[in-house]
Amino acid sequence: MKLQQRMNRRALTLGALAVSGALALTACGSDDTGTTGSASSSTSSDSAIKCDDAKGQLLADGSSAQKNAIDAWVKQFSSACGVQINYKGGGSGAGVTAFTQGTVAFAGSDSALKPEEITASKAVCTGGQAVDLPMVGGPIAVGYNVPGVDKLVLDAETIAKIFDSKITNWNDAAIKALNPDATLPDLKIQAFHRSDESGTTDNFTKYLIAATPDNWKYEGGKAWQAKGGQSASGSSGVAAQVKQTSGAISYMELSYAKDGIAAASLDTGAAAPVEATVDNATKAIADAKVVGTGSDLALQLNYTTKADGAYPITLVTYEIVCDKGNKAETLPATKAFLTYIASEDGQALLADAGYAPIPADIISKVRTTIAALS
């Protein structure tokens, strides 16, 4: 019996990884991610996904950066439990707003909640408040489309000046100094930023503020503040603009930097420029500190690391949920879904989809918090 259980669990995990890999190769622009499974609302004891009393439908919104991961998780969970999950992926700002207005069961945000947002959540979390559960990690790629340039090295100062309209051409002396062997064209730089409020913007600008404060004088936050440049909505939106625009550059979650978009390596002061990879992001995230209190697990990332192989422009996406006072009709499904995505099998899907799993010591605290949701 035990052997059969192990075989069943292994088969489910391998199937999940296959689905994840397929999703990573598909376009990511649609907001319609709802999936309805036909399985019963409970699973057998040898299934890796525990549905418990999960049923019905969940509405969620938030981070577009984690949308590919959510897609992979929803596919597996809905198939096992028959629960429909509609995750819009309208951006972190939209997700937090929807949550504090009580219109979604949970939200995704690439930035931890602000004190005023936690206060607002108490109106919908009866007897409790919203908490941050770190669930998805990964690098924010600086994606570019420059004909004839397959490899590019940038540093914080140069990136800041590009996105602040201080460096406007690809053959600028500062870019040449970082790329002496590249043939840089006489081509105008087309810098794209997010038009919607975005945790990706928040983390990207936190990096610039920390790494090159003399060249990035803005306060930061989910809303883009620098003047100039062009904008598009969502990670898929800026990625589409970079892909179709010669000379374009933007910032996006790594899984969107593909199909004609290359990712720059960073000169961080380490022994060699650091590529935007899952493993390199994990090295940076492992240096994060938990700064939330109680059951809140907000993290403080180290954007100025110079450790070899550590890619500092990273983000951690949080699932935001009430610690107490969740709606009775959505609590079982919310709890079951979060339990699955925080599990070893759920986290195992992330690497193939271009994301970094949350370090073991942090994800274990996440599981404890989820188990206590009420």
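Residues numbered from 1 in each chain as written. Predicted model: local features only at pLDDT ≥ 70, side-chain atom pairs only at ≥ 80, totals over all residues. Heavy atoms only, no water.

## Quick word on the side chain of T201
And step 1. Relative to the helices and strands, T201 is located in helix α7 (residues 199–211).
And step 2. Residue class for T201 comes out buried when judged on its relative accessible area of 1%.
And step 3. One polar contact links T201 to Y251, side chain to side chain, over a distance of 2.6 Å.
And step 4. Setting aside its immediate chain neighbours within four residues, T201 contacts R194, G221, K222, A223, W224 and Y251. (Helix = DSSP H or I, 4+ residues; strand = E, 2+ residues; numbered from the N terminus. Buried < 20%, exposed > 50% of the residue type's maximum accessible area, 1.4 Å probe, protein only. Polar contact = N/O pair within 3.5 Å; in protein donor to acceptor, adjacent residues only side chain to side chain. Contact = heavy atoms within 4.5 Å.)

## Quick word on empty space enclosed by the protein
And step 1. One pass over the full model with this rule turns up two cavities of 30 Å³ or more.
And step 2. I162, F163, S165, A191, H193, W224, G228 and G229 together form the lining of the second largest cavity.
And step 3. Every element with two or more residues in the lining of the second largest cavity is listed here: α5 (156–163) and β6 (190–194).
And step 4. Of the residues that constitute the lining of the second largest cavity, the class distribution is four nonpolar, four polar and no charged. (1 Å grid on protein atoms, 1.4 Å probe; cavity = no way out; pocket = protein on both sides within 12 Å on 5 of 7 lines; lining within 4 Å. Points joined across faces, edges and corners; volume = space filled by probe spheres on them. Nonpolar A, V, L, I, M, F, W, Y, C, P; charged D, E, K, R; others polar.)

## Looking at the side chain of N179
And step 1. Looking at the secondary structure, you find N179 in the loop between α6 (173–178) and β6.
And step 2. There is a polar contact of 2.7 Å between the side chain of N179 and the backbone nitrogen of V153.
And step 3. If near-sequence neighbours (up to four positions away) are discounted, N179 is found in contact with K151, L152 and V153.

## Section: helix α8 (residues 234–244)
And step 1. All of the buried residues in α8 are G234, S235, G237, V238, A239 and V242.
And step 2. Elements that come into contact with the buried residues of α8 comprise β4 (130–145), β6, α7, β7 (230–232) and β8 (248–253).

## A short note on the packing of helix α10 (residues 331–342) against helix α12 (residues 360–371)
Each packed pair of helices is defined by two parameters, the angle between the axes and the distance between the axes.
And step 1. Their axes nearest at 10 Å, the elements α10 and α12 cross at an angle of 165°. In terms of orientation, α10 lies roughly antiparallel with respect to α12. Crossing geometry of α10 relative to α12 is assigned as left-handed. Here K335, L338, T339 and A342 of α10 come into contact with α12, specifically with I363, V366, R367, I370 and A371. (Axes fitted to C-alpha atoms, helices over the stretch in contact; angles between N-to-C directions. Parallel < 35°, antiparallel > 145°, perpendicular 65-115°, else oblique. Left-handed = near helix turned anticlockwise from the far one by under 90°.)

## Section: α5
And step 1. Burial runs high along α5: six of the eight residues are buried.
And step 2. Those residues of α5 that fall on the buried side of the exposure criterion are A156, T158, I159, A160, I162 and F163.
And step 3. Positive backbone phi, approximately 60°, marks S165, located one or two places after α5.

## So, the environment of G229
And step 1. Relative to the elements of secondary structure, G229 occurs in the loop between α7 and β7.
And step 2. With 61 residues separating them in the primary sequence, G229 and T168 have C-alpha atoms 10.0 Å apart.

## Some words on the layout of surface pockets
And step 1. Within this model, the largest pocket holds a volume of roughly 340 Å³.
And step 2. The wall of the largest pocket is formed by 21 residues, among which S111, A112, K206, L299 and Y318 lie closest to the centre.
And step 3. Elements represented by at least two residues in the lining of the largest pocket include exactly α7, β12 (299–300) and β13 (314–322).
And step 4. Per element, the largest residue contribution to the lining of the largest pocket is three residues, and it comes from α7.
And step 5. For the lining of the largest pocket, the class distribution of residues is 10 nonpolar, four polar and seven charged.

## A word on the state of the cysteines
And step 1. According to the stated counting rule, one finds two disulfides in the structure shown.
And step 2. Between C51 and C81 runs a disulfide, and the two sulfur atoms are separated by 1.8 Å. Where C51 bonds to C81 through sulfur, the torsion about that S-S bond is close to -85°, and the disulfide is left-handed. Here C81 lies in helix α2 (residues 67–81) and C51 lies in the loop between α1 (2–24) and β1 (57–62), a separation of 30 residues in the sequence. Residues C51 and C81 agree in their burial class; the two are buried.
And step 3. Each sulfur in the disulfide pair C125 and C322 lies 2.0 Å from the other. Of note, the bridge from C125 to C322 carries an S-S torsion of about -75° and is left-handed in sense. (Disulfide = S-S within 2.5 Å.)

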